[in-house]
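Spelled out from the first residue to the last, the chains are:
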Number of protein chains: 2
Amino acid sequence: MEKENELFGVKEIARRANVSTATVDRVLHNRTGVSEKTKAKINAIIKEMDYQPNILASRLASRKIISLAALLPDVSEETDFWAAPLNGIRRAEAEMRQYGVQVQVFLFDLNDKDSFAEQLKHILDGGFHGILVSPSFIEETRKFATECARRKIPYVFIDSDIPDLHSLSYIGPHLRKSGYVGAKLLTYRLEAEKKVLIINISKEIDNYNYLEIEDGFRAYFNDNNQQNEIVRIDIRETDYQSVARHLTYVFHLNKDIGAAFVTNSRVHTVASFLKNSHRTHVSLIGYDFVKENVGYLESNVIDFLICHRPDDQGYRGMMALYQTLVVNAPVTKQNYMPIDIVTKENYEFYQN
Amino acid sequence: MEKENELFGVKEIARRANVSTATVDRVLHNRTGVSEKTKAKINAIIKEMDYQPNILASRLASRKIISLAALLPDVSEETDFWAAPLNGIRRAEAEMRQYGVQVQVFLFDLNDKDSFAEQLKHILDGGFHGILVSPSFIEETRKFATECARRKIPYVFIDSDIPDLHSLSYIGPHLRKSGYVGAKLLTYRLEAEKKVLIINISKEIDNYNYLEIEDGFRAYFNDNNQQNEIVRIDIRETDYQSVARHLTYVFHLNKDIGAAFVTNSRVHTVASFLKNSHRTHVSLIGYDFVKENVGYLESNVIDFLICHRPDDQGYRGMMALYQTLVVNAPVTKQNYMPIDIVTKENYEFYQN
DNA sequence: TACCTTTACGGGCACGTGCCCGTAATCCAT
DNA sequence: ATGGATTACGGGCACGTGCCCGTAAAGGTA
C-alpha cells in the first residue's frame, strides 16, 4: 500500500547525480555542454546502475526515422533465388517498421557489373544509416566499403563474403565446407570405378564462390581417399542449348560418369539435359531451393539440393543493422549459415 | 515549413468521431461504457483508417507486465536434448523483456508423469497470460487444455502435437514425414538383401511419437517398393546394459542386418553397442543434435541425424504467444519444422 | 563597471497509448 | 418531484526518453 517512490532510468540517474534529466541525456548521447566533473560523476552512476535505456521510450520520443538500404540481384528468368533473401528482408522490415525503421531495396542485374556500381552510388547518395549488400563484384564493393568506412555507415554482407573488407557482419555459407558436404552426398553411394563431373555454369568471370566450393569438394575426396576420377567443365553460357552442347561432348568423352555436381542454382538446366538424354541414373547434386530445382527433385532427377537459408540471410542481415543502430548491441562478425540438405522427401517443410 | 497538423492514431480517430481519446480507447479494448451508436461509428473509422496501434506506446503506457510460462522436460543424464528449446525460449525472453514481458520456465521429469501434472498445476495457479508446453503425456495435457480454454489462456505445443486439443499453435516436426525421410536416407545405399532394424528405446508407454515415426518409415518402403525385410524391437530400459543385451539377441537372430534406425535421441546408445561389438559397417540413423550423438557422427558410427530445430521450436513457440498477447496478430496453427539432415560434414554449422 | 559571449545546466513539452477519476445525462423506483 | 443508481463520456496524468529553449553563472573585453 505504500507509494513506491523508485524512479527508473534517466530520472533515477539524474536524482542520484543531483542534475536534471537533460544533463544526463547529454552525457548519454555524448553531446557537448557538460563539465568534465559532472560528466564523470554521471558516467560512474550509469556504470554502477548498469543502466539500460528503454528502447520503447527512446524510439517513441525520437521522431527521427532510421532508414536502411539493401542491395540484391534482381530476380531473373534464370533463377528466382533472390526472391528468398528479399522475402527475409521484408520480414525484418515488418518487424522494425513499428520501431521507426524504414527499409528501401535496390536491385541490380547479375549480368551487368555497371548496374551494381550504379545502385551502390544511389545508395550512398541516399543518406542511409545502414546498408546490406550482396557483394557480387569485388572491386566495386571494395570502393563502396571504403566510402562507408569514411562516413561511418555500417554495412553487412550476405551470401558471399569478402573477408578483408571489415563488414559489420557476414551472413552466409561457408562455401568450402558446403562443397565438402556436396562431395559427401555425391559419393555416398557412388561405385568406385565411376567418374565424377563438376559443372560450373556462369557468365561471370568473378568466380570466387565457385573456386571455394570446388576446393572443398576436392578436399573431401582427398580426406577420404576417394579414388574416383574428377572431371570438371566450365560453361560460360547459361541457356539450355549451350549447356546441352557442352554436356553432350563431356559425356561423349567420358562414358562412365556416375555423378554430377553443379556449383550453383543452375543445376536444373543439367537436370533437364540428363532427363532429355535418358541419363537419369547419374546422381545429381546442386544448389538452392528454387522451384525449377524442386521440380527435378520431385521427379528424382536431382538427388539432393544444398541450401543456405537465403530467406534467413536477408532477415538476419537486416537485423544485424537494427541491432547496431537501434539497440546498440554488438553483433557477431562471422555468421555462417547451416548447410542444409534438401531431398524429395523433406523439401515440403524446408523454410528456405 | 508549414506546421503539420495531422494527428495519428487514437487522437485522429477521436477527432474524426468527435469524441475523446478515452472513448476510442474503450472501443479498442472493447470495454463497457460506450453506446452502440458511437461504438459503431468509431469502429467504422478504425476500419477506414486501417488503424494499427503503436505497440511501443502501448507497452510503454501500460504498466502491466505480461507473464508467460514454459513447461519442458528437464535436461537429464540420458539426454541434453531439451537444453536447445530452453535456449530458444531464453532468446525469445531476451527480446521480449524490454517490451514488458516476463518468462518463467518450469521443468518436469520425463520419467515421471506425476511431475508433469504437478508442474501444470503450478502453472495454472501462477496466473500466467500464456503458456508453452511440451505435451509429453496425453491425458494430463488434455485436462490442462480444457482448463486453459475455460480461462481463455492461450497455450502452444512444441515438439509433439495432440491435434484435437486446439492449441493456439503447434510448433514441431511432422513426425510421419520425418520417419519417411529417415527411411530414404537409410535405404539410399542399402543392399537389396539386407535387413533393416527399427529400434525404439523408451520407458514411456505413451509412444504416440514413436508410432507416427515408424508409420512414416514403413510408408517409404511401400511407396518405393523397397523389398528389405524390416525387423523391429522395443526396448523399455534406457541403460546401456539393457540395450546391449536386447541388441545382441536381435543381431544374433538376424545375421544380415545392414542398417538400423533409432526413433529418438537415444541412438548414441546403439552407436556405442555397434562400436563395441565391431558392427560399424551397419548404417545407423537416429534423431537429434545432442553431443553424444554428434560424437558418433564424428567417428562415422552414426551416418545421419535427423533434427527438427529444437532451439527454434522454443523461440517460435514463445513468439507465437507474444504475437497473440502483445501484438494481437494472428499466428499459424500448424507450424511444421524443417526435417534437417545432419552429417559429419555439416554439423559444425547446424543451428539446432 | 557595463556589456557581450560562452559554458553548464534546468524546465518542460512531445511521442501515442492506457487508464483513473470526475461528471453530466439518463433511467428507475418511491 | 426527489434521490439514488447506472450509463456515456471527457480531462488529464503517466510511461521513459529526446530535445528545444531559456537562463544563471562564468569568463572575456573595453
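Quantities reported herein were computed from a predicted structural model and do not represent experimental measurements.

Rules and cut-offs
Residues numbered from 1 in each chain as written. Chains lettered and ligands numbered in written order. Predicted model: local features only at pLDDT ≥ 70, side-chain atom pairs only at ≥ 80, totals over all residues. Heavy atoms only, no water. Near = heavy atom within 4 Å. Polar contact = N/O pair within 3.5 Å; in protein donor to acceptor, adjacent residues only side chain to side chain. Helix = DSSP H or I, 4+ residues; strand = E, 2+ residues; numbered from the N terminus. Contact = heavy atoms within 4.5 Å. Buried area = accessible area lost by both parts, 1.4 Å probe. Salt bridge = Lys/Arg side-chain N within 4 Å of Asp/Glu carboxyl O. Nonpolar A, V, L, I, M, F, W, Y, C, P; charged D, E, K, R; others polar. 1 Å grid on protein atoms, 1.4 Å probe; cavity = no way out; pocket = protein on both sides within 12 Å on 5 of 7 lines; lining within 4 Å. Points joined across faces, edges and corners; volume = space filled by probe spheres on them. Buried < 20%, exposed > 50% of the residue type's maximum accessible area, 1.4 Å probe, protein only. Patch = residues over 30% accessible without salt bridge, like charges linked within 9 Å, V, L, I, M, F, W, Y side chains within 5 Å. Areas by Shrake-Rupley, 256 points an atom, 1.4 Å probe, with all protein chains shown as cover. Lys, Arg positive; Asp, Glu negative; His and termini not counted. Charge placed at Lys NZ, Arg CZ, Asp CG, Glu CD. UniProt positions renumbered as here; feature names shortened; annotations may be inferred. Least-squares fit on C-alpha atoms with pLDDT ≥ 70 in both. Pairing = 2+ DSSP bridges. Axes fitted to C-alpha atoms, helices over the stretch in contact; angles between N-to-C directions. Core = buried A, V, L, I, M, F, W, Y, C linked by side-chain atoms within 4.5 Å.

### Some thoughts on the protein's contact with DNA strand D
In the region of DNA strand D, 29 residues are neighbours, and V10(A), Y51(A), S20(B), T23(B) and S35(B) sit closest. Among the atoms of DNA strand D lying within 4 Å of the protein, the sugar-phosphate backbone contributes 66%. In this structure, N54(A) approaches DNA strand D through a main-chain N or O atom, which is 3.2 Å from a phosphate oxygen. Take A57(A): an N or O atom from its main chain is 3.4 Å from a base nitrogen of DNA strand D. For the surface near DNA strand D, the secondary-structure elements that each account for two or more residues are α1 (9-17), α2 (21-28) and α4 (55-61) of chain A together with α2 (21-28) and α4 (55-61) of chain B.

### Comments concerning the interface of chain A and chain B
Opposite the 37 residues of chain A that make contact, chain B presents 37 residues. For the pair chain A and chain B, the summed buried surface comes to about 3,600 Å²; carbon and sulfur atoms form 59% of the total. Area buried by chain A at its contact with chain B is led by L56(A), Y188(A) and F349(A), which between them contribute 23% of it. Across the pair K184(A) and E345(B) runs a salt bridge, and its minimum N-O distance is 3.3 Å. The tally of links from chain A across to chain B stands at 14 residue pairs in polar contact (both at pLDDT 80 or more). Among the secondary structure elements, those contributing two or more residues to the side of chain A that touches chain B are α4, α8 (175-187), α13 (310-327), β11 (334-336) and β12 (340-342) of chain A. Tallied by class, residues from the side of chain A that touches chain B come to 19 nonpolar, eight polar and 10 charged.

### Description of the layout of surface pockets
There is about 2,300 Å³ of room inside the second largest pocket. Counting residues per element, the ones that place at least two in the lining of the second largest pocket are α1, α2, α4 and α13 of chain A together with α4 and α5 (83-97) of chain B. Taken together, the residues of the lining of the second largest pocket break down into 20 nonpolar, 14 polar and 13 charged.

### Description of the pattern of salt bridges
All chains considered together, the criterion is met by 50 salt bridges over all chains. For the salt bridge of D215(B) with R176(B), the shortest nitrogen-to-oxygen distance reads 2.7 Å. Taken together, the positions of D215(B) in helix α9 (residues 208-223) and R176(B) in helix α8 (residues 175-187) put the pair 39 residues apart, joining distant regions of the chain. Take D215(B): its relative accessible area is 39%, and that puts it in the partly exposed class. In this structure, a network of salt bridges that share partners links the residues E12(A), R15(A), R16(A) and E48(A).

### Considering a negative patch on the surface
A grouping of D74(A), D109(A), D112(A), D114(A) and E118(A) is seen on the molecular surface, where their side chains present a negatively charged patch. Classification of D112(A) by relative accessible area gives partly exposed; the value is 30%.

### Digging into the UniProt feature "domain: HTH lacI-type" (unreviewed entry) in chain A
In this numbering, the UniProt entry assigns the feature "domain: HTH lacI-type" (unreviewed entry) to residues 11-62 of chain A. With 69% helix and 0% strand, the stretch residues 11-62 of chain A has end C-alpha atoms that lie 17 Å from each other.

### Structural notes on the protein's contact with DNA strand C
Taken together, 29 residues are adjacent to DNA strand C, and S20(A), T23(A), V10(B), H29(B) and Y51(B) come closest. Within 4 Å of the protein, the contacting atoms of DNA strand C are drawn from sugar and phosphate to the extent of 66%. The contact in question runs from a phosphate oxygen of DNA strand C to an N or O atom on the backbone of S20(A), over 2.5 Å. Within the residue set of the surface near DNA strand C, elements represented by two or more residues are α2 and α4 of chain A together with α1 (9-17), α2 and α4 of chain B. Per element, the largest residue contribution to the surface near DNA strand C is four residues, and it comes from α2(A). Here the residues of the surface near DNA strand C are counted per class, giving 12 nonpolar, 12 polar and five charged.

### Quick look at the side chain of D303(A)
Turning to its location among the elements, D303(A) is positioned in the loop between α12 (291-298) and β10 (304-307). Among residues more than four places away in sequence, those in contact with D303(A) are R189(A), V282(A), S283(A), L284(A), L297(A), V342(A), T343(A), K184(B) and Y188(B).

### Points about the relation of the copies chain A and chain B
Note on the copies: chain A fits chain B at an RMSD of 0.3 Å, the axial shift is 0.2 Å, and the rotation between them is 180°. A rotation of that kind, with that shift, is consistent with a two-fold axis. An overlap of 100% is found between the interface residues of chain A and their copies at the interface of chain B, pointing to a shared contact surface.

### So, the sheet that holds β11(A)
Residues and elements named next belong to chain A. On the basis of which strands lie adjacent, the open sheet formed by six strands has the order β2-β1-β3-β4-β5-β11 and parallel pairing. Lying at the two open borders of the sheet, with one neighbouring strand each, are β2 (101-108) and β11. This sheet shows a mean twist of 15° between the axes of neighbouring strands, independent of strand direction. Here four bridges tie strand β1 (residues 66-73) to strand β3 (residues 130-133), and the two strands are oriented parallel to one another.

### Structural notes on the nonpolar core
M96(A), L132(A), M318(A), M96(B), L132(B) and M318(B) are the most contacted members of the largest nonpolar core, which has 54 residues in total. Residues in contact with M318(B), not counting those within four places in the same chain, are L68(B), A70(B), I89(B), A92(B), M96(B), V103(B) and L132(B). Grouped together as the second largest cluster of nonpolar side chains are 50 residues, I306(A), I198(B), I213(B) and F217(B) included.

### Quick notes on the environment of D74(A)
Residue and element names in this part refer to chain A. Its place among the elements puts D74 in the loop between β1 and α5 (83-97). For D74, a relative accessible area of 40% puts it in the partly exposed group. Sequence spacing of D74 and F106 is 32 residues, and the spatial spacing of their C-alpha atoms is 8.6 Å. Aside from chain neighbours lying at most four places away, what touches D74 is L107 and F108.

### Description of unusual backbone geometry
Residues and elements named next belong to chain B. Backbone geometry at K152 places phi at a positive 60°, although glycine is not the residue there. Following the sequence through the fold, K152 ends up in the loop between α7 (138-151) and β4 (155-158). Note on K152: relative accessible area 75%, which makes it exposed. Positive phi, normally seen in glycine, also occurs at H278, with a value near 55°.

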